[in-house]
Amino acid sequence: INPAYAGSSEALNISGMYRNQWMGLPGAPVTAILSAHSPLKNKKVNIGGILINDRFGVFNHTKASLIYAYRFKLFNGHLSFGLQAGIDSYTTDWNKINTTDVGDPNFQGQKTRNIIPEVGAGTFYHSKNFYLGFSIPNLFNTGFNYDMVGILNSGCIIKMSDNIRLKPAVLIKYLKSSPLSANVSTTFYYKEVFGIGLGYTYKTATLAYVDLKLNTQFHLGYGYTYSLNILQNYTSGSHEIMLRYIFQYKINAVSARYF
């Protein structure tokens, strides 16, 4: 959601995510994401890339982007500015529509593909126990993204005891002509190894998730979302799994990262 995050792990970070949304609903979104980012020898310069495939309804959406971020020290943390640029491809297959009249010629052989460029930007500040980011994933109001999206997210780490940390967080997304989307969550971490959290998206859904650090480099996460609107009559919920591997772990236990 923010290209300025690239390199903030201070090591090569590769992540994969798979989300099956609104289980049981025909044509519901299925998303797969693969991303990688790392600082260069000059640690102020960070690069990355992301590949996204999103299937929903009659659409098959694929996006590939390269990311550049410039990061420097500010106060007790780091401030970074990031840019991403790539291509956005949509394939539309109207043959998947179940029409009232079988073999309706208006929906036969109608398969199109469009490719458009995409450019996004963001800024991200983080210290040991706080982060704040803002991004616009698509700066140009063209193609399929009819309205510009703005995303603001923030969170902090609160030490409850020697073994327990608390991370409250918020994410707000603005899309013109759509209701403001606000998500709040709280995660409890135990001994920097196991995290469990709950979240709520305003008038839309509630979620629960776990984050397991198998070792200093490998993370496994799982999340479940339950709809609170009319969708709850048609779906059993959404499932998401995440795998992350940090190739060279440079952060000691005293300054362990939770975001």
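Our subject is the structure listed above.
Report on the accompanying structure.

Cut-offs and rules
By convention here, each chain's residues receive numbers from 1 onward along its written sequence. The model is predicted, so local features are restricted to residues of pLDDT at least 70 and side-chain atom pairs to those at 80 or more, both for listing and for counting; the totals for chains, interfaces and linings are taken over all residues. In computing side-chain values, all of the structure's heavy atoms are included and hydrogens and water are not. In this description a helix means any DSSP run of H or I spanning at least four residues, a strand means any run of E spanning at least two, and both kinds are numbered starting from the N terminus. With C-alpha atoms as the basis for the radius of gyration, the globule rule is written as 2.2 Å multiplied by the number of residues raised to the power 0.38. Exposed residues in this analysis have more than 50% of their type's maximum accessible area, buried residues have under 20%, and partly exposed residues fall in between, with area computed by a 1.4 Å probe over protein chains only. Here, two residues are considered to be in contact whenever any of their heavy atoms come within 4.5 Å of each other. Computed by Shrake-Rupley with a 1.4 Å probe, the accessible areas treat only the displayed protein chains as cover when residues are assessed. Only four residue types enter the tally: Lys and Arg on the positive side, Asp and Glu on the negative side, with His and both chain ends excluded. Where a charge sits is defined by one atom per residue type, namely NZ (Lys), CZ (Arg), CG (Asp) or CD (Glu). Should DSSP find at least two bridges between two strands, the strands are taken to pair. Salt bridges are identified by distance alone: a Lys or Arg side-chain nitrogen within 4 Å of an Asp or Glu carboxyl oxygen. Each polar contact in these results corresponds to two N or O atoms within 3.5 Å; when the atoms are within protein, one needs to be able to donate a hydrogen and the other to accept it, and residues that are neighboring in sequence are counted only if both atoms are side-chain atoms. Exposure above 30% relative accessible area and the absence of a salt bridge qualify a residue for a patch, where like charges join within 9 Å and nonpolar side chains (Val, Leu, Ile, Met, Phe, Trp, Tyr) within 5 Å. What counts as a ring pair is set by centres within 6.5 Å for rings of Phe, Tyr and Trp (its six-membered ring), and what kind of pair is set by the plane angle: stacked under 30 degrees, edge-to-face over 60, tilted for all other angles.

### What to know about the overall build of the protein
And step 1. When you go through the protein residue by residue, the secondary structure sums to 0 helices and 15 strands.
And step 2. For a compact globule of 259 residues, the expected C-alpha radius of gyration is about 18 Å, and the protein comes in at 20 Å, within 12% of that figure.
And step 3. When the backbone C-alpha atoms are referred to their principal axes, the protein occupies close to 65 × 40 × 35 Å.
And step 4. Relative to its full complement of 259 residues, the protein shows a buried share of 37%.
And step 5. Residue pairs at least 24 apart in sequence account for 45% of intrachain contacts in the protein once pairs closer than 6 positions are excluded.
And step 6. Of the roughly 15000 Å² that the protein leaves accessible, carbon and sulfur atoms contribute 64%.
And step 7. Across the protein, the 23 positively charged side chains and the 12 negatively charged ones have centroids separated by 13 Å.

### Details of the pairing of strand β5 (residues 77-93)
The side chains of a regular strand alternate, first on one face of the sheet and then on the other.
And step 1. Burial analysis of β5 places 13 of its 17 residues in the buried class, which makes it a mostly covered element.
And step 2. The pairing of strand β4 (residues 59-74) with β5 spans 16 bridges and is classified as antiparallel. From the neighbouring strand, T62 faces β5, where its bridge partner is S89.
And step 3. Connecting the antiparallel pair β4 and β5 is a turn made up of 2 residues, with F75 showing a positive phi of about 55°.
And step 4. Bridge count for β5 against strand β6 (residues 111-126) is 16 bridges, and the pairing is antiparallel. Its bridge partner being in β6, T91 is matched across the sheet by R113.

### A word on the pattern of salt bridges
And step 1. The full count for this structure, using the stated rule, is 3 salt bridges.
And step 2. When the shortest N-O distance is used, the salt bridge between K159 and D162 registers 3.7 Å.

### Here's the deal with the pairing of strand β10 (residues 164-175)
And step 1. Pairing of strand β8 (residues 149-156) with β10 involves 7 bridges; the strand directions are antiparallel. Along β10, the bridge assignment pairs G155 with A169.
And step 2. The pairing of strand β9 (residues 158-159) with β10 spans 2 bridges and is classified as antiparallel. Of the residues in β10, the one forming a bridge with I158 is L166.
And step 3. Between β9 and β10, which follow one another and run antiparallel, lie 4 residues.
And step 4. Relative to strand β11 (residues 181-190), β10 runs antiparallel, the two sharing 10 bridges. Note on β11: the bridge partner recorded for A169 is S185.
And step 5. Count of turn residues in the β10/β11 antiparallel hairpin: 5 residues, of which S177 carries a positive phi of about 75°.

### Comments concerning the side chain of R19
And step 1. Residue position: R19 is located in strand β1 (residues 13-20).
And step 2. Within the structure, the side chain of R19 is placed 3.2 Å from the side chain of Q21, a separation counted as a polar contact.
And step 3. What R19 contacts, discounting residues up to four positions off in sequence, is P29, V30, T31, T225, S238, H239 and E240.

### So, a nonpolar patch on the surface
And step 1. Taken together, Y18, I158, M160, I164, F188, Y190, V193, F194, I196, V210, Y222 and I241 make up a surface patch of nonpolar side chains, about 1000 Å² in accessible area.
And step 2. Secondary-structure elements contributing two or more residues to the nonpolar patch are β11 and β12 (194-201).
And step 3. Tracing the chain through its elements places M160 in the loop between β9 and β10.

### Things to note about the packing of aromatic side chains
And step 1. A full pass over the atoms with the stated rule returns 11 aromatic pairs.
And step 2. Ring geometry for Y70 versus F72: centroids 6.3 Å apart, planes at 45°, classification tilted.
And step 3. When its relative accessible area of 33% is taken as the criterion, Y70 is described as partly exposed.
And step 4. When its relative accessible area of 26% is taken as the criterion, F72 is described as partly exposed.
And step 5. Counting every residue linked through ring pairs, the aromatic cluster contains Y5, F124, Y131 and F259.

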